[in-house]
Amino acid sequence: MSNQKTLSIIKPDAVKAGHVDSINLMIENSGLKILEKKEIKLSKEEAQQFYAVHSDKPFYNELCEFMTSGPIIVQMIEGENAIELYRKVMGATNPAEADENTIRKKFATSIQENAVHGSDSEDNALKELNFFFKDI
Ligand code: CMP
């Protein structure tokens, strides 16, 4: 176990529905610390770049449209084993498969509009944090 930083995004569906504070309470109650937090709106180019790893997937265009459909909250979070811990707090990508008491079980409405994003590895956490927070 080590101290890690990871990227959290609260997606347009959850921001629009007013779930930001409830989601952040779940993050903080898990022991994770929110070090940085900002509200932004992604351009189409930024969304395409951020999700470039999914560019060959059938849902890519729709995903980029969704991610630019409204403001998002990008956050740098920190804690022991933060990458895996935050992914546990989020729950499975598909809310139908997410465990009880996870963010996606409570707030996601579909596999696409799934309320939150979290980095899936140390390499990606660094890349994704750099994408939004330049001076880490
Ligand atoms: P995220 O964790 O941000 O990583 C990629 C995103 O693509 C995912 O959450 C969902 O928002 C979306 N996604 C993944 N699988 C599908 C799918 N089968 N159909 C539509 N969107 C998907």
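Going by the structure above, here's the rest.
In this report, we go over the structure that sits alongside the text. (Residues numbered from 1 in each chain as written. Predicted model: local features only at pLDDT ≥ 70, side-chain atom pairs only at ≥ 80, totals over all residues. Heavy atoms only, no water.)

Let's talk about the packing of aromatic side chains
Now for step 1: A complete count under the given rule lists 4 aromatic pairs for this structure.
Now for step 2: A ring pair is formed by Phe 50 and Phe 131, whose centres lie 5.4 Å apart and whose planes are at 65 degrees; its orientation type is edge-to-face. Of this pair, Phe 50 sits in helix H3 (residues 44-50) while Phe 131 is found in helix H7 (residues 122-132), placing the two residues 81 residues apart along the sequence.
Now for step 3: Taking the relative accessible area as the measure of exposure, Phe 131 reaches 21% and is therefore partly exposed.
Now for step 4: Relative to Phe 132, the ring of Phe 131 lies with its centre 4.9 Å away and its plane at 70 degrees, an arrangement referred to as edge-to-face.
Now for step 5: Take Phe 132: its relative accessible area is 7%, and that puts it in the buried class.
Now for step 6: Geometry around Phe 133 places Lys 38 over its ring, the cationic atom sitting 4.9 Å from the centre. (Phe/Tyr/Trp six-rings, centres within 6.5 Å; stacked < 30°, edge-to-face > 60°. Helix = DSSP H or I, 4+ residues; strand = E, 2+ residues; numbered from the N terminus. Buried < 20%, exposed > 50% of the residue type's maximum accessible area, 1.4 Å probe, protein only. Lys NZ or Arg CZ within 6 Å of the ring centre and 35° of its normal.)

Focus on the site of the ligand
Now for step 1: Taken together, the residues surrounding the ligand are Lys 11, Tyr 51, His 54, Phe 59, Leu 63, Arg 104, Ile 111, Gln 112, Asn 114 and His 117.
Now for step 2: Within the contact set of the ligand, an oxygen atom lies 2.7 Å away from a side-chain nitrogen or oxygen of Lys 11.
Now for step 3: Gln 112 has a polar backbone atom sitting 2.9 Å from an oxygen atom of the ligand.
Now for step 4: Considering the ligand on its own, with 460 Å² of exposed area, one finds that the protein chains cover 79% of that surface.
Now for step 5: Among the residues making up the shell around the ligand, the classes are represented as 4 nonpolar, 4 polar and 2 charged. (Near = heavy atom within 4 Å. Polar contact = N/O pair within 3.5 Å; in protein donor to acceptor, adjacent residues only side chain to side chain. Areas by Shrake-Rupley, 256 points an atom, 1.4 Å probe, with all protein chains shown as cover. Nonpolar A, V, L, I, M, F, W, Y, C, P; charged D, E, K, R; others polar.)

As for the pairing of strand S3 (residues 72-80)
Now for step 1: The element S3 is largely enclosed, with a buried count of 8 among its 9 residues.
Now for step 2: Direction of pairing for strand S1 (residues 3-10) relative to S3: antiparallel, over a ladder of 8 bridges. From the neighbouring strand, Ser 8 faces S3, where its bridge partner is Gln 75.
Now for step 3: In terms of strand pairing, strand S2 (residues 33-40) meets S3 through 7 bridges, oriented antiparallel. Paired with Glu 39 across the two strands is Ile 73, which belongs to S3. (Pairing = 2+ DSSP bridges.)

Quick notes on H7
Spacing of three or four residues puts side chains on the same side of an α-helix, whose turn is 3.6 residues.
Now for step 1: Of the positions making up H7, those classed as buried are Ala 125, Glu 128, Leu 129 and Phe 132. Taken around the axis of H7, the buried residues stretch over an arc of 100 degrees, which confines them to a single face. Of the exposed residues in H7, those oriented more than 90 degrees away from the buried face are Asp 123, Leu 126 and Lys 127.
Now for step 2: Its buried side turned inward, H7 meets S1, S2, H3, S3, helix H5 (82-90) and strand S4 (116-118). (Arc of directions from axis to C-beta. Contact = heavy atoms within 4.5 Å.)

By themselves, these observations are geometric and do not establish any function.
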